[in-house]
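# Summary of structural features
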Amino acid sequence: MRGAGNPRPESGLELYAWIFMRISGLALLFLALGHLLIMHIIHNVDNIDFQFVAARYATPFWRTYDLIMLWFAMIHGVNGVRTVLVDYISARGWRTVSLASLLVVGFVLLTLGSVAILTFQPPMAR
Amino acid sequence: MVKPLEYLTYRGGPGHWSWLLHRLSGIGVFLFLLIHIVDISLIGWGAKVFNRLLFLYRHPAFRVGEVALVAAVLYHALNGIRICVIDFWPETMAFHRKLSYAVGIAFTIIYIPTAIYMLSFIVK
């Protein structure tokens, strides 16, 4: 009988990945659910627009929140999908191609998202 | 390798369904995250470009998708707690079935009012 999730790896990178999934998961429990509650339930896409985001990003608090959430979510997601790919793709070539694609997509979008959060300039009062 | 049909016929019990739902919800949330990064990064191009994009998010089809997204995140979060509980207190394996059901019950209690509330924005 197998436990929930993957059995804890013995050592090395796999052990760190295992620990990271649990720490980031716990952080995302608050970050992602908080984000959904604020941006999709209390506020929602009816009243979120450029002005809303500009006001939100006028102070560093929400930028920091979003940046931490983005990094945790992306690395958690990439590592989770890696587990799924390794489970289902056994041909060596396809496995390499799929894992490399996953890493490239994850890296590019993590960069894009970070740049968007860090470089956004709220326009002066208009 | 498990064939798609075997997912429906394999009798793994609640733990098997938890495992499957955790995977599917995780993949779903991950795919949404990729799209979400692209759309939000458009804010760097200014108010016009960003606000023009919002028609997409206000479309009823997207709003329903948003309700499904909340389901995926909520289930993944609650089931993630169950995974951590069993990982760090292995003796809880003794009632692992009950834990899976507890996740289902907690999900239902939180999700149903949330989904109704979110859908009420679309209908109004």
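Residues numbered from 1 in each chain as written. Chains lettered and ligands numbered in written order. Predicted model: local features only at pLDDT ≥ 70, side-chain atom pairs only at ≥ 80, totals over all residues.

Below, the discussion takes up the overall build of chain B. From N to C terminus, chain B includes 5 helices and 0 strands. Going residue by residue from the N terminus, the α and β elements of chain B occur as α-α-α-α-α. Computed over its C-alpha atoms, the radius of gyration of chain B comes to 18 Å, more than 25% above the 14 Å expected for a compact globule of 124 residues. By its C-alpha atoms, chain B is 55 × 35 × 30 Å across when sized along the principal axes. Evaluated residue by residue, chain B yields a buried proportion of 22% over its 124 residues. Long-range contacts, defined here as pairs at least 24 residues apart, represent 69% of the contacts in chain B between residues at least 6 apart. (Helix = DSSP H or I, 4+ residues; strand = E, 2+ residues; numbered from the N terminus. Rg over C-alpha atoms; globule rule 2.2 N^0.38 Å. Buried ≥ 20, exposed ≤ 12 C-beta atoms within 10 Å, placed from the backbone. Contact = placed C-beta atoms within 7 Å.)

Turning our eyes to something else, we now look at the overall build of chain A. Helix and strand counts for chain A come out as 4 helices and 0 strands. Ordering the α and β elements of chain A from the N terminus gives α-α-α-α. If one aligns the C-alpha atoms of chain A with their principal axes, the spans along those axes are about 60 × 30 × 25 Å. Counting only residues that meet the buried cut, chain A has 18% of its 126 residues in that class. For chain A, long-range pairs separated by at least 24 residues make up 69% of all intrachain contacts whose partners lie at least 6 apart in sequence.

With that out of the way, let us pick up helix 3 (residues 60–88) of chain A. If you check helix 3 of chain A, its first and last C-alpha atoms are 42 Å apart, about what 29 residues at 1.5 Å a residue would give, namely 42 Å. Contacts made by the buried residues of helix 3 of chain A are with helix 1 (12–42) and helix 4 (92–119) of chain A together with helix 2 (13–41) of chain B. (Expected span 1.5 Å × (residues − 1).)

It is worth spelling out the interface of chain A and chain B at this point. Residue-level contacts link 32 residues of chain A with 33 residues of chain B. Contributing elements (two or more residues each) for the side of chain A that touches chain B: helix 1, helix 2 (50–56), helix 3 and helix 4 of chain A. Ranked by residue count, the leading element in the side of chain A that touches chain B is helix 1 of chain A, at 8 residues. Across the side of chain A that touches chain B, the residue classes tally to 19 nonpolar, 9 polar and 4 charged. (Nonpolar A, V, L, I, M, F, W, Y, C, P; charged D, E, K, R; others polar.)

Membership of the largest hydrophobic core comes to 25 residues, with the highest contact counts inside it found for Ala73 of chain A together with Leu33, Val73 and Leu74 of chain B. The set of elements that each furnish at least two residues to this core consists of helix 1, helix 3 and helix 4 of chain A together with helix 2, helix 4 (60–88) and helix 5 (96–123) of chain B. By residue number, the principal contributor to this core is helix 4 of chain B, which donates 6 residues. Beyond its immediate stretch of four places on either side in the chain, Ala73 of chain A contacts Leu28 and Ala32 of chain A together with Leu33 of chain B. (Core = buried A, V, L, I, M, F, W, Y, C linked by C-beta atoms within 7 Å.)

The subject of this paragraph is the environment of Ala106 of chain B. In this structure, Ala106 of chain B sits in helix 5. The exposure class assigned to Ala106 of chain B is partly exposed, which follows from the 16 C-beta atoms found within 10 Å.

In this structure, Ile112 of chain B sits in helix 5. With 41 residues separating them in the primary sequence, Ile112 of chain B and Ala71 of chain B have C-alpha atoms 9.4 Å apart.

Moving on to the confidence of the model for chain A. Residues with a pLDDT of 70 or more make up 93% of chain A, whose mean pLDDT is 91. Confidence, read as mean pLDDT per element, is least for helix 2 of chain A in chain A (91) and greatest for helix 4 of chain A (97). (pLDDT = per-residue confidence, 0-100.)

With that settled, the discussion passes to the packing of helix 1 of chain A against helix 4 of chain B. Relative placement of two packed helices is described by the angle separating their axes and the distance separating the axes. Packing of helix 1 of chain A against helix 4 of chain B brings their axes to within 10 Å, and their N-to-C directions diverge by 155 degrees. Between helix 1 of chain A and helix 4 of chain B, the angle is such that the two are roughly antiparallel. Regarding helix 1 of chain A and helix 4 of chain B, the two cross each other, and that crossing is left-handed. Contacts between helix 1 of chain A and helix 4 of chain B pair Arg22, Gly25, Leu29, Ala32, Leu33, Leu36 and His40 of chain A from the former with Glu66, Val70, Val73, Ala77, Gly80, Cys84 and Asp87 of chain B from the latter. Considered class by class, the residues forming the contact of helix 1 of chain A with helix 4 of chain B number 8 nonpolar, 3 polar and 3 charged. (Axes fitted to C-alpha atoms, helices over the stretch in contact; angles between N-to-C directions. Parallel < 35°, antiparallel > 145°, perpendicular 65-115°, else oblique. Left-handed = near helix turned anticlockwise from the far one by under 90°.)

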